[in-house]
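Inside the fold
Here's the letter readout for the chains.
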Amino acid sequence: MASDLEVLILIPACTGIDNIAEAITVLESNNWDLVFAIPDREPSQASPSEAADAAAGGVVPPPSSSPSSSSPPSSSSASAFCPISPSSRHIVERQPRMINFTVEYRQRSVSLVLEEAHSTVGNIKEILGTQLGVPVSKMQLKGWKNGDVSDSTMLKTLHLPKNNSLYVLTPDIAATASTSNNSALQESLNQNFLLVITHREAQRDYNLNFPGFRTIQEVKRNVSDLTNIPVRHQQWEGWPASASDDSMTLALSGISFPCHHLSVCRRSSPAIAQEPPGEECADVMMISDSEGEDFEDPSEFGMDDSELFGMSSSNCPRSPMMPENSQNDTDALLHFTDEFSSRYGETHPMFFIGSLDAASQEAFYGKARDRKLLAIYLHNDDSVLSNVFCSQLLCADSIVSYLSQNFVTWAWDVTEDANKSKLLTVCSRNFGNVVARTVRTNKTDQFPLLLIVMGKRTSNEVLNVIQGNTTLDELLMKLMGAVEIFTAQQQEDIKDEDEREAREMVKKEQDEAYRLSLEADRKKREEQEKKEAELVRLEQMKKEQEEEKEALRLSLEQGLPPEPDQEAGDICTLRIRTPSGEFLERRFLSTCKLQVLFDFVASKGYPSEEYKLLTTFPRRNVTDLDPGSTLLEAKLFPQETLFLGAKE
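Residues numbered from 1 in each chain as written. Predicted model: local features only at pLDDT ≥ 70, side-chain atom pairs only at ≥ 80, totals over all residues. Heavy atoms only, no water.

Attention shifts here to the confidence of the model for the protein chain. Considering every residue of the protein chain, the mean pLDDT works out to 78; 78% of them sit at 70 or more. Note that pLDDT drops below 50 for residues 40–93; the model gives that stretch 51 contacts with residues more than four away or on any other chain. Here residues 270–316 is modelled with pLDDT under 50, and outside its nearest four sequence neighbours on either side it reaches 62 contacts, counting other chains as well. (pLDDT = per-residue confidence, 0-100. Contact = heavy atoms within 4.5 Å.)

Rendered as structure tokens:
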């Protein structure tokens, strides 16, 4: 069996990858299995294990055909494996590497084979869209070892193993009743699994939460960051038998929900332990996302010290990270972000674009649940640690992801004195003289600095000042420690905020109830006042009508001729019965007009517009007679009894 060192020596010859860091990344992604790390071989090519055995024995077979021969070598005469000599690498004709994909969607499984060099993630989606009948725009392709990737990502940049398992999510497309099993699967993919992982060597337990769509490989990488044990050296206990593929998601791996116990330790290396005495090998320290170690002798791999620290020996000046005396913080930070990306790649923390005051406002002064820590990155190009810190630590996937989830990251370049002075002024205003003095007293070779600041009710507190001479594990642990302190404070703030909002809600409800009560009282009072005003108006109107009637009655009464004496001749005596049962009696001359009778009745409060005069027998309505006729003509002479009735 070939050791890790032998595999590392073979990989450049067999894959054409000359960059050691890239070779290690490819091997890490394939769990240091050379079979999956190299492209497809011709049938006549020997296996990597045979190549490793041959290399271990010091045998390097030459090409079967003479260099002077113009005809290409046949497959039967091909060399046993790729020769190590760089001058002879061009003899090997590389075949395109094909990648196998198994894609699960609801109750369907689709197998795909694509060429690694020229295919993109978008090509996979287009093929799946045709076979599954799902629009590409509504398709989410999950299960990548490197997290979510864009459609334009080339497969060759992902360093995928030979076989891969993916799954498709379509949250915008409702599942039918026949896909209930797949609905349960999607639900399990969104569940959170608590993994209790025991580091047996350190005798320490880690409680890690992972969503169901995370892969076993992602868990192992996170554990590598915590324990400093590379993935290839991890020895696990507790994974179920169904968890045979590191690309499998936790939801499909068969682990217990909601909690599953695992243990890990460092695997011993039999290949290194069995090396014969006296046999020497190059001392190579592996660089990975979980280890911040460097090559002990960079010259062995064609690099000098300046290249290792990211400093070129060329005399060509590079663009400053931030222009001097910039008046606009936004423009300065846009320039900083562009220059940082050009130097260290697009994978880096998302720097807040704006002033430090605006970054503090964004981090500290929202709702308690939305608050974050503030990470202030201070860069100095004059420090030899800057390039190593940025490329190996700050741009590591684990750090980028952790900063993105828990921090608002703001950056500034203090290489120039003018920019440094401006920063010290802003720090003094926001965090007091202690922070400004800390930044001022740090020497150049201690940069870059990462200040972790937590907002409090009365003032802002600096939890940690991380210098550039730290390791990846130390950086991650310090960030996690700061988040732990912040989370405890945030829970108290959330509780206080919830209680305050509850009190404000109760007060608001009480104020609203009081307002509604006042409004109801006001309407009731207005309604009462309106009724009273209407009553007053009606009474006034009634009074006016009565006064008018009384005036009319008096006028009629005064206009009546005097009542004749009993002894006078031609006298008509009339008795009139009122509706109340009383009798009105008066004497009239027989020559009086009926109108005089009507006026008399009206003067007593019974106007002819409302009442009618009726005779008893025969029954006649006297009111309908001509008012100008005399009583004699109306046959009311010499006497008559009448009664009043209300008109209908």
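The next subject is helix H15 (residues 417–431). Taking 1.5 Å of rise per residue, 15 residues should cover 21 Å, and H15 covers 20 Å from first to last C-alpha, within 8% of that figure. Buried residues along H15 sit in contact with helix H12 (356–364), strand S9 (373–379), strand S10 (407–413), helix H16 (433–441), strand S11 (449–455) and strand S12 (460–466). (Helix = DSSP H or I, 4+ residues; strand = E, 2+ residues; numbered from the N terminus. Expected span 1.5 Å × (residues − 1).)

All right, on to the environment of Lys138 then. Examined against the element boundaries, Lys138 turns out to sit in the loop between helix H5 (121–132) and strand S3 (140–142). Here Lys138 falls in the partly exposed class, since its relative accessible area comes to 38%. Along the sequence, Lys138 and Thr170 sit 32 residues apart, while their C-alpha atoms lie 6.0 Å from each other. Contact partners of Lys138, with chain neighbours within four places excluded, come to Leu169, Thr170, Asp172 and Ile173. (Buried < 20%, exposed > 50% of the residue type's maximum accessible area, 1.4 Å probe, protein only.)

All right, on to the sheet that holds strand S5 (residues 192–199) then. Pairing is mixed across the open sheet formed by 4 strands, whose spatial order is S6-S5-S8-S7. Unpaired on one side and paired on the other, strand S6 (204–211) and strand S7 (234–237) mark the two borders of the sheet. Taking each pair of neighbouring strands and ignoring which way they run, the sheet shows an average axis angle of 30°. Taken together, the 4 bridges between S7 and strand S8 (residues 259–266) define a ladder with antiparallel strand orientation. Across the sheet, Gln234 pairs through a bridge with Arg266, a residue of S8. (Pairing = 2+ DSSP bridges. Axes fitted to C-alpha atoms, helices over the stretch in contact; angles between N-to-C directions.)

Below, the discussion takes up the nonpolar core. One finds Phe340, Leu374 and Leu479 to be the most contacted residues of the largest nonpolar core, which totals 56 residues. At 7 residues, the largest contribution of residues to this core is made by helix H17 (residues 472–559). Among residues more than four places away in sequence, those in contact with Leu374 are Leu356, Ala359, Ser360, Ala363, Phe364, Phe407, Val408, Trp410, Phe431, Leu451, Ile452 and Val453. Grouped together as the second largest cluster of nonpolar side chains are 22 residues, Ile576, Leu584, Cys592 and Leu597 included. (Core = buried A, V, L, I, M, F, W, Y, C linked by side-chain atoms within 4.5 Å.)

Here we take up the pattern of salt bridges. This structure, assessed with the given rule, holds 23 salt bridges. The residue Glu526 makes a salt bridge to Arg522 at a minimum N-O spacing of 2.5 Å. Taken together, the residues span about one helical turn, with Glu526 and Arg522 both in helix H17 at a distance of 4 residues. According to the relative accessible area criterion, Glu526 is partly exposed, its value standing at 39%. With relative accessibility at 30%, the residue Arg522 sits in the partly exposed group. By sharing partners, the salt bridges in this structure join Glu339, Arg343 and Asp381 into a single network. (Salt bridge = Lys/Arg side-chain N within 4 Å of Asp/Glu carboxyl O.)

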